[in-house]
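Working through the structure, step by step
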Amino acid sequence: MDNIIKVTVIDRVGIAHELEAPTDMSMNMMEVCKSYELPVEGTCGGMAMCASCHMYIESDTVLPPKSNDEEDMLDEAFFVDDEKSRLGCQLHITPELDNLVVKLAPVGE
Amino acid sequence: MIETDILIIGAGPTGLFTVFEAGLLKLKCHLIDSLPQAGGQCSEIYPKKPIYDIPAYPDILAGELTDKLMEQIAPFKPGFTLGESAVTVDKHEDGSFIVTTNRGTKHKAPIVAIAGGLGVFEPRKPPVENLSNFEDKGVEYIIKDPEFYRGKDVVISGGGDSALDWAYFLANGVANKVSLVHRRNSFRGHLDSVQKVMDMADNGKLNLITEAEVVGVKGEDNLKELVIKHKTQGEILVTTDHWIPLFGLSPKLGPIADWGLNISKNSIEVDTFDYSTNIEGMYAIGDVNTYPGKLKLILCGFHEATLMVQSAFARIHPDKKNVLKYTTVNGVSGF
């Protein structure tokens with residue numbers, strides 16, 4: 001289908017969800033997860049200010065570099081893996097993300 | 001005891017606009033907020049960010065929206081209890097609610113409107129086992145009085161400005177020994193804050209442990225030791241009197257969750273007829289509520305507040321007639 005990519009989200013109990021995400025709706029990975037009712041809070045609404053959409057990149061997809069805001073937030077977040085950690089809200093759904101595989105990071109207290 | 005008609009919990013945009021709509025019906029309001037200033041997320045999290053979906057404002061900064069709401073409600077002289085969070089609710093014998101804050105301030109009102117947004121902002125706690133056993137027994141998430149640490153051994157965790165600034169302050173002749181633990185080997189705080197801490201570490205006045213995380217807490221009644229995991233050196237034990245993890249704030253629904261309200265997915269269930277909750281006389285408006293079709297938008301919060309005060313009026317004055325009036329016709333007459 002046009003303007004649709006496939007992404008895989010592995011939830012916190014290890015189940016892989018294959019999702020379809022539109023590239024023409026200005027969505028990001030946090031929002032895609034929420035739209036499928038996966039357990040992603042997105043507390044701050046997508047401003048890279050809460051890390052509740054923290055996820056690990058499990059595929060070799062080439063992603064845009066982290067912004068300063070995202071780096072700052074990941075600096076204060078927990079369960080961070082410097083190689084794999086990203087904030088879902090900062091990963092905009094573009095054709096380049098087709099076949100992306102991510103795993104949701106654990107949530108703290 | 002503070003007495004009012006509508007006690008609003010949360011002074012974000014929805015809570016503030018409630019004062020205006022209530023004022024048009026001659027109802028007085030008082031607001032409680034855990035933050036030291038009004039505006040909620042708009043002033044605390046993103047005051048300099050633009051909002052584009054406030055009708056008639058092509059764009060407005062969140063801080064500016066707060067200022068304008070404060071100006072708009074000024075004629076109705078709302079009361080504020082700021083820097084305190086609502087903790088308990090009791091019923092007075094006359095049917096009113098008594099809401100008490102964490103500092104013991106009591107408020108009495110026949111109507112409570114919860115406009116709590118995401119909840120109360122609390123320090124983020126690192127995921128360390130048994131951490132809660134040592135809270136206030138050596139583990140503190142906020143530095144209330146630096147003198148408390150005089151002559152003590154202190155470990156601070158975090159890489160932001162508050163961790164850097166407090167490490168510098170406490171290492172400067174207050175604490176006996178200060179260690180700063182950070183997961184990375186670089187800091188993202190302000191350059192001069194970073195430089196000051198680096199200089200202190202070079203002079204041996206501060207123990208810098210980077211590429212490391214506190215992974216365990218040990219002690220009997222009080223905290224005695226921290227297990228610190230270093231990226232390459234493995235686990236090390238550090239003896240300390242205090243550990244202060246400084247990882248910023250995150251919102252929690254907080255004590256309101258225990259008030260007997262119907263809650264689903266961290267939000268309060270309401271009837272969309274008047275945004276009433278399952279507790280008579282208690283309403284929930286704005287981001288804190290949920291109902292089929294709910295959208296967490298400021299403009300929806302304004303709408304909810306407007307309908308809610310009509311219902312609140314009928315509850316407070318069951319025998320009084322009330323009809324919708326237009327501000328353009330009648331103007332706005334304050335108290």
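Residues numbered from 1 in each chain as written. Chains lettered and ligands numbered in written order. Predicted model: local features only at pLDDT ≥ 70, side-chain atom pairs only at ≥ 80, totals over all residues.

When its secondary structure is counted, chain B shows seven helices and 23 strands. Here the C-alpha coordinates of chain B stretch approximately 75 × 45 × 35 Å along the principal axes. Residue burial in chain B is summarised as follows: out of 335 residues, 39% are buried. Contacts spanning at least 24 positions in sequence make up 63% of the contacts within chain B whose residues lie at least 6 apart. (Helix = DSSP H or I, 4+ residues; strand = E, 2+ residues; numbered from the N terminus. Buried ≥ 20, exposed ≤ 12 C-beta atoms within 10 Å, placed from the backbone. Contact = placed C-beta atoms within 7 Å.)

So, about the overall build of chain A. Regarding its fold elements, chain A presents two helices and five strands. Relative to its length of 109 residues, chain A is compact, with a C-alpha radius of gyration of 13 Å against a globular reference of 13 Å. By principal-axis analysis of the C-alpha atoms, chain A measures approximately 40 × 30 × 25 Å. (Rg over C-alpha atoms; globule rule 2.2 N^0.38 Å.)

So, on to the pairing of strand E17 (residues 234-239) of chain B. All names here are of chain B. Where burial is concerned, little of E17 is hidden: zero out of the six residues are buried. In this sheet, E17 lies alongside strand E16 (residues 223-230) in antiparallel orientation, the contact comprising six bridges. Across the sheet, residue Lys 229 finds its bridge partner in E17, namely Glu 235. (Pairing = 2+ DSSP bridges.)

It is worth spelling out the sheet that holds strand E1 (residues 2-3) of chain B at this point. All names here are of chain B. Read across the sheet, four strands follow the order E1-E9-E8-E7 without closing on themselves; strand pairing throughout is mixed. Each of the sheet's edge strands pairs with one partner strand only, and the pair in question is E1 and strand E7 (86-91). Of the strand pairs in this sheet, E1 and strand E9 (residues 106-109) are connected by two bridges, and their pairing is parallel. The residue of E9 that forms the bridge with Ile 2 is His 107.

The next thing to look at is unusual backbone geometry. Its identity is not glycine, yet A:Ser26 carries a phi of approximately 50°, on the positive side. By the C-beta count within 10 Å, which is 9 here, A:Ser26 ends up exposed. Not every positive phi belongs to a glycine, and B:Asn130 is a case in point at roughly 65°. Owing to 10 C-beta atoms within 10 Å, B:Asn130 belongs among the exposed residues under this scheme.

Time to look at the interface of chain A and chain B. Taken together, the 14 residues of chain A in the interface contact 17 residues of chain B. Here the side of chain A that touches chain B is composed, by residue class, of seven nonpolar, two polar and five charged. (Nonpolar A, V, L, I, M, F, W, Y, C, P; charged D, E, K, R; others polar.)

Splitting chain B by domain gives domain 1 (2-122 + 250-330) and domain 2 (131-247). Using C-alpha coordinates to define each centre, domain 1 of chain B is positioned 39 Å away from domain 2 of chain B. (Domains from an automatic or database assignment.)

Moving on, we get to the packing of helix H1 (residues 13-24) of chain B against helix H6 (residues 298-316) of chain B. Residues and elements named next belong to chain B. Relative orientation of the contacting elements H1 and H6 amounts to 35°, with a least axis distance of 9 Å. By crossing handedness, the relation of H1 to H6 is classed as right-handed. Where H1 approaches H6, its residues Pro 13, Thr 14, Phe 17, Thr 18, Glu 21 and Ala 22 are matched on the opposing element by Ile 298, Gly 301, Phe 302, Ala 305, Thr 306 and Val 309. For the contact of H1 with H6, the per-class residue count stands at seven nonpolar, four polar and one charged. (Axes fitted to C-alpha atoms, helices over the stretch in contact; angles between N-to-C directions. Left-handed = near helix turned anticlockwise from the far one by under 90°.)

Our next topic: the nonpolar core. All names here are of chain B. The biggest cluster of nonpolar side chains holds 47 residues, and the ones touching the most others in it are Ile 6, Val 112, Ala 113, Ile 114 and Tyr 283. Secondary-structure elements contributing two or more residues to this core are strand E2 (6-9), H1, strand E3 (29-33), helix H3 (62-73), E7, strand E10 (111-114), strand E22 (282-284) and H6. The contacts of Ala 113, once residues within four sequence positions are left out, are Ile 6, Ile 8, Thr 18, Tyr 283, Ile 285 and Met 308. In this structure, Val 128, Val 154, Leu 164 and Phe 247 belong to the second largest nonpolar core, which totals 31 residues. (Core = buried A, V, L, I, M, F, W, Y, C linked by C-beta atoms within 7 Å.)

This part covers the environment of B:Gly12. Structurally, the position occupied by B:Gly12 is in the loop between E2 and H1. Leave out the neighbours within four places in its chain, and B:Gly12 touches B:Gly39, B:Gly40, B:Gln41, B:Cys42, B:Ala115, B:Gly117 and B:Gly286.

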